[in-house]
Amino acid sequence: METKIFKREQLDEAVSLLREGELVAFPTETVYGLGALATRDDSVKKVYAAKGRPSDNPLIVTVADEAMMRPYAKEVPERAEKLIKHFWPGPLTILLLAKEGALPESATGGLPTVAFRCPDDQLTHDLIAKLGYPIVGPSANTSTKPSPTTAQHVYHDLKGKIAGIVDGGETEVGLESTIVDLSVNPAVVLRPGKITPEEISQVLGEEVLINRGHVSDKDVPKAPGMKYRHYAPSAQVYVVDQAETFAKLDLDVSCGVMATSDLLENLPVPEENKFNLGKNLTEADHNLFAGLRYFDDRPEIKSIYVEGFDQGEESLAYMNRLNKAAGGHHV
Ligand code: TXA
Ligand code: MG
């Protein structure tokens, strides 16, 4: 199958493909998603096949606005209204009880809940609005690889397997949306993202719990994706917790280093083995996945040392992804 790249002028072509049940990747403010008509079982199943994703891992349902979500939710509690009003469109995914039978089981993984997301991206808003139906939207990477933050990353993983990619350039945030579960009380953040538990708590005016995600393979996890290997390049990743540690590492040509500009500058490592994460945590969020992919395309790199951040709730999302990529290995 030829994988076409669509710009704004070709959006109608992308809409037609989705309507016919084909897969089209789309940009969001967080990472690229892999779109398929959420109401059609056969198109949703193609998503699992293209990604190589376990079929018990449910998909996010991506909508153009709140009105498009309503027919698929059993109820929209006041707490959800508050969060939607404040954060949508934006990087917050909201878990609600599903309206029974409204979506195919392939989309919900057979769970009683559905995760709804309304991305802040004009191209994707127009794509879904023109289609008139929600699309499922897992990150558009091969399962276990870092999420894609450019159309080129998507093409690298899925070329020949999907009908097209809507190219919206580099994504802004770089890490996937915060997922908050409103089907329980108090609300629980299942996956940290740019929107922090504290911000959610302030808008709700109530306590919000954080799921730390210690899920073993035997458990039925609350956010099923949490039990799988994730974001992992072929090389072994190590989290470097203290900046001073970089200078003490025994680095050779098989080592890659990902760190902020100031730290990188003085390291005795060949330039091509350095990946600049930027000036601060926000830039590191934006660049983390691109860096892991940079080294994944270099088979001679056997270990990657990545700067850790310790900035409370602000760095929860970054450290969550990095810890998974590292499989818990710290130095
Ligand atoms: O920013 C994002 O959320 C991106 C962009 C493309 O929108 N999407 C994304 O989707 O990250 P995905 O499938 O890679 O991650 C969604 C996570 C998975 O861990 C999945 O298990 C969990 O959400 N999830 C989806 N539906 C769920 C449900 N009903 N209950 C619990 N967890 C759910
Ligand atoms: Mg994903």
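The residue count restarts for each chain, going from 1 along the sequence in the order it is written. Here the convention is simple: chains get letters from A, ligands get numbers from 1, in the order in which they are written. Only residues with pLDDT of at least 70 get local features here, since the model is predicted, and only at 80 or more are side-chain atom pairs given and counted; chain-wide, interface and lining totals rely on the full set of residues. Heavy atoms throughout the structure, all of them, feed into the side-chain values; hydrogens and water do not.

Q: Which parts of the structure should I look at to understand the environment of L111?
A: Strands are runs of DSSP state E lasting at least 2 residues, helices are runs of H or I lasting at least 4, and numbering of each runs from the N terminus. Relative to the helices and strands, L111 resides in the loop between α5 (105–108) and β6 (113–117). It is 8.3 Å that separates the C-alpha atoms of L111 and A98, two residues lying 13 residues apart in sequence.

Q: I keep staring at the side chain of T3 and nothing clicks. Help me out?
A: Tracing the chain through its elements places T3 in the segment before β1 (4–6). Within the structure, the side chain of T3 is placed 2.8 Å from the backbone nitrogen of G160, a separation counted as a polar contact. Contacts described as polar in this section are N or O atom pairs within 3.5 Å, which, within protein, must combine one atom able to donate a hydrogen with one able to accept it, while residues neighboring in sequence count only if both atoms come from side chains. At a separation of 2.8 Å, a polar atom in the side chain of T3 contacts the main-chain carbonyl oxygen of I162. Whether two residues are in contact is decided by their heavy atoms: any pair within 4.5 Å suffices. Residues contacting T3, with those up to four places away along its chain left out, are Y155, L158, K159, G160, K161, I162, A163, G164 and I165.

Q: Mind showing me how you'd approach the packing of helix α4 (residues 78–87) against helix α8 (residues 197–204) here?
A: Angle between the axes and distance between the axes: these two values describe a pair of packed helices. Interhelical geometry of α4 versus α8 gives an angle of 120 degrees and a closest axis separation of 9 Å. Judged by the sense of rotation from one axis to the other, the crossing of α4 with α8 is right-handed. Together, R79, K82, L83, H86 and F87 of α4 and E199, I200, V203 and L204 of α8 make up the contact between the two elements. Each residue receives one of three labels: charged for Asp, Glu, Lys and Arg, nonpolar for Ala, Val, Leu, Ile, Met, Phe, Trp, Tyr, Cys and Pro, and polar for the others, Gly being one of them. A class-by-class count of the residues in the contact of α4 with α8 yields 5 nonpolar, 1 polar and 3 charged. Geometry is summarised by axes, namely lines fitted to C-alpha atoms with helices restricted to the contacting stretch, and by angles between N-to-C directions that run from 0 to 180 degrees. Left-handed describes a crossing whose near helix is turned anticlockwise from the far helix by less than a right angle; the clockwise case is right-handed.

Q: I tried to follow unusual backbone geometry on my own but got confused; where do I start?
A: Both trends apply: most residues other than glycine have a negative phi, and most peptide bonds are in trans. The omega torsion of the bond from W88 to P89 falls at -10 degrees, within 30 degrees of zero and hence cis. Looking at where P89 falls in the secondary structure, it is placed in the loop between α4 and β5 (92–97). Cis rather than trans, the peptide bond between N185 and P186 has omega equal to -5 degrees. One can find P186 in the loop between β9 (178–181) and β10 (187–191). In the Ramachandran plot, T144 falls in the positive-phi region, its phi being about 80 degrees despite a non-glycine side chain. As for its position among the elements, T144 is in the loop between β7 (135–136) and α7 (151–158).

Q: What's the story with the packing of helix α1 (residues 11–19) against helix α6 (residues 122–131) in this structure? I'm lost.
A: Relative to each other, α1 and α6 sit at 50 degrees, their axes nearing to 9 Å. Classed by the angle they form, the pair α1 and α6 counts as oblique. Between α1 and α6 the crossing geometry is right-handed. Where α1 abuts α6, its residues L11, D12, A14, V15, L18 and R19 lie against L123, D126, L127, K130 and L131. Considered class by class, the residues forming the contact of α1 with α6 number 7 nonpolar, no polar and 4 charged. The scheme is simple: roughly parallel for angles under 35 degrees, roughly antiparallel for over 145, roughly perpendicular for 65 to 115, oblique for anything else.

Q: In this structure, what is going on with the pattern of salt bridges? I would like to understand it.
A: Pairs can form between side chains of opposite charge whenever their charged atoms are close. Here a salt bridge means any side-chain nitrogen of Lys or Arg lying within 4 Å of a carboxyl oxygen belonging to Asp or Glu. Under the definition given, this model contains 17 salt bridges. Between K274 and E271 there is a salt bridge, with the nearest N and O atoms lying 3.2 Å from each other. Throughout this description, buried means an accessible area under 20% of the type-specific maximum (1.4 Å probe, protein chains only), exposed means over 50%, and partly exposed covers the range between. Looking at K274, the relative accessible area reads 12%, which means it is buried. Between E300 and R298 there is a salt bridge whose closest N-O contact spans 2.8 Å. On the basis of relative accessibility, which here comes to 43%, the residue E300 falls in the partly exposed class. Owing to a relative accessible area of 14%, R298 belongs among the buried residues under this scheme.

Q: Where do I start with helix α2 (residues 41–51) in this structure?
A: For the α-helix, the turn length of 3.6 residues means that residues three or four positions removed from each other point alike. Where α2 is concerned, the buried positions are S43, V44, V47, Y48, A50 and K51. In this fold, the buried residues of α2 make contact with β3 (33–37), α5, β7 and α7. Positive backbone phi, at 70 degrees, marks G52, one or two positions downstream of α2.

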